[in-house]
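# Examination of the molecular architecture
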Amino acid sequence: MDLENKICLITGGTMGIGGATAIALARRGADLAVSARNAGAEADAVKRAVEALGRKCEIVVADFSKPSEPKRVAQEVADKLGSIDVLVHSAGGPVNGKLFEITDEAWYSAFEVHVHAIFHLARAVVPMMRPKNEGAIVLISSVAGLRSLPTNLAYQAVKGALPQLTRALARELAENNIRVNCVAPGVIRTRFHDPMTAEQKKINLEQRIPLRAEGTSEQVASLILQLIENDYITGETVSIDGGLTMRVA
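Since the structure is predicted, the reported quantities are computational estimates derived from the model, not experimental observations.

Okay, the overall build of the protein chain next. Each helix and strand in the protein chain was counted, giving seven helices and seven strands. Listed by position from the N terminus, the elements making up the protein chain come as β-α-β-α-β-α-β-α-β-α-β-α-α-β. On C-alpha atoms alone, the protein chain measures out to a radius of gyration of 17 Å, which is about the 18 Å that the 2.2 N^0.38 rule sets for 249 residues. On the principal axes, the C-alpha backbone points of the protein chain span a range of 50 × 40 × 35 Å. In the protein chain, buried positions account for 51% of the 249 residues. Partitioning the intrachain contacts of the protein chain with sequence separation of at least 6 by distance along the chain shows that 74% fall at a separation of at least 24. Between the averaged position of the 28 positive side-chain charges in the protein chain and that of its 28 negative side-chain charges there is a distance of 3 Å.

Written out as structure tokens, the structure is:
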């Protein structure tokens, strides 16, 4: 896909991987709509960075734990920018707790944000893509959705749903040349991993990650960009984790 003058919606796009992806897409000539739970300094910073590259950037305040939000956001973006050619669903966050620790509210909210929102966003944006016979959707999963971890049952469940949802959507939408792919980041240097202790980081670098380095948001954004631009990739989940998930011991 040639991104020049394309319109891209990035959910959770004001920080970390989402923010880096917005800037990467703008560098390729795309106009952006970026959703955030709060329109503050981080949203303003992404907007300024995109506009400094000569592209449009609309900030849309949204809380995807509410079922009505995906359709509203898509319609607001279409009203402001005209359509949607690319969707990157990066909204989400940590959901901690074992089976008897996590609350019912946290469990259901996790599925709303990470899974149900994609279902409703796809229903809203695919009708905009079909007449053009072109479109790209990228979902952000996690290595936690590919391997088991001991303390975040709900997060593993929702992130584990995304690779299969990716394949199912990709198969269904291929006839319209709408491609769907998924990225599974590992330990990326973002706010998500701020709670990690110095000891945990040391173990990661010395024992768990073969490349002995944390990833960056820009590295993940570069992969997302490749999945959008390469017209012959669909239905794939690509890990970007320094080799973390290939380890057997």
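With five bridges connecting them, strand β2 (residues 31–36) and strand β3 (residues 57–61) associate as parallel partners. Paired with S35 across the strands is V60, a residue of β3. Crossover β2 to β3 through helix α2 (residues 41–52) is right-handed.

Let's shift gears to the pattern of salt bridges. Applying the stated criterion across every chain, the model contains 12 salt bridges. Residues E134 and K6 are paired through a salt bridge, measuring 3.9 Å at the closest nitrogen-oxygen approach. One end of the pair, E134, is in the loop between α4 (104–129) and β5 (135–140); the other, K6, is in the segment before β1 (7–11), and 128 residues separate them in sequence. On the basis of relative accessibility, which here comes to 25%, the residue E134 falls in the partly exposed class. By relative accessible area, which is 16% here, K6 ends up buried. Notably, a salt bridge pairs E58 with K80, separated by 4.0 Å at the nearest N-O pair. Taken as a pair, E58 in strand β3 and K80 in helix α3 (residues 69–81) lie far apart in primary sequence, 22 residues in all. Within the structure, one salt-bridge network assembled from shared partners comprises E58, E69, R72, E76 and K80.

This part takes up a nonpolar patch on the surface. There is a patch of nonpolar side chains on the surface, built from L99, F100 and L153 and spanning about 370 Å² of accessible area. Turning to its location among the elements, F100 is positioned in the loop between β4 (86–89) and α4.

Quick look at the nonpolar core now. Counting residues in each nonpolar core, the largest one holds 40 residues, and the members touching the most others are L9, F64, V73, V77, I84, I137 and L173. Those elements that place two or more of their residues in this core are β1, α3, α4, β5, α5 (153–173) and β6 (178–185). With 11 residues, α4 is the largest single contributor of residues to this core. The residues contacting L173, other than those within four sequence positions of it, are V126, R130, I137, I178 and V180. Grouped together as the second largest cluster of nonpolar side chains are 32 residues, A26, V34, A43 and C57 included.

Analysis parameters
Residues numbered from 1 in each chain as written. Predicted model: local features only at pLDDT ≥ 70, side-chain atom pairs only at ≥ 80, totals over all residues. Heavy atoms only, no water. Helix = DSSP H or I, 4+ residues; strand = E, 2+ residues; numbered from the N terminus. Rg over C-alpha atoms; globule rule 2.2 N^0.38 Å. Buried < 20%, exposed > 50% of the residue type's maximum accessible area, 1.4 Å probe, protein only. Contact = heavy atoms within 4.5 Å. Lys, Arg positive; Asp, Glu negative; His and termini not counted. Charge placed at Lys NZ, Arg CZ, Asp CG, Glu CD. Pairing = 2+ DSSP bridges. Right-handed = clockwise from strand over helix to strand, strands pointing away. Salt bridge = Lys/Arg side-chain N within 4 Å of Asp/Glu carboxyl O. Patch = residues over 30% accessible without salt bridge, like charges linked within 9 Å, V, L, I, M, F, W, Y side chains within 5 Å. Areas by Shrake-Rupley, 256 points an atom, 1.4 Å probe, with all protein chains shown as cover. Core = buried A, V, L, I, M, F, W, Y, C linked by side-chain atoms within 4.5 Å.

In short, the description is geometric, and any link to function would need to be established separately.
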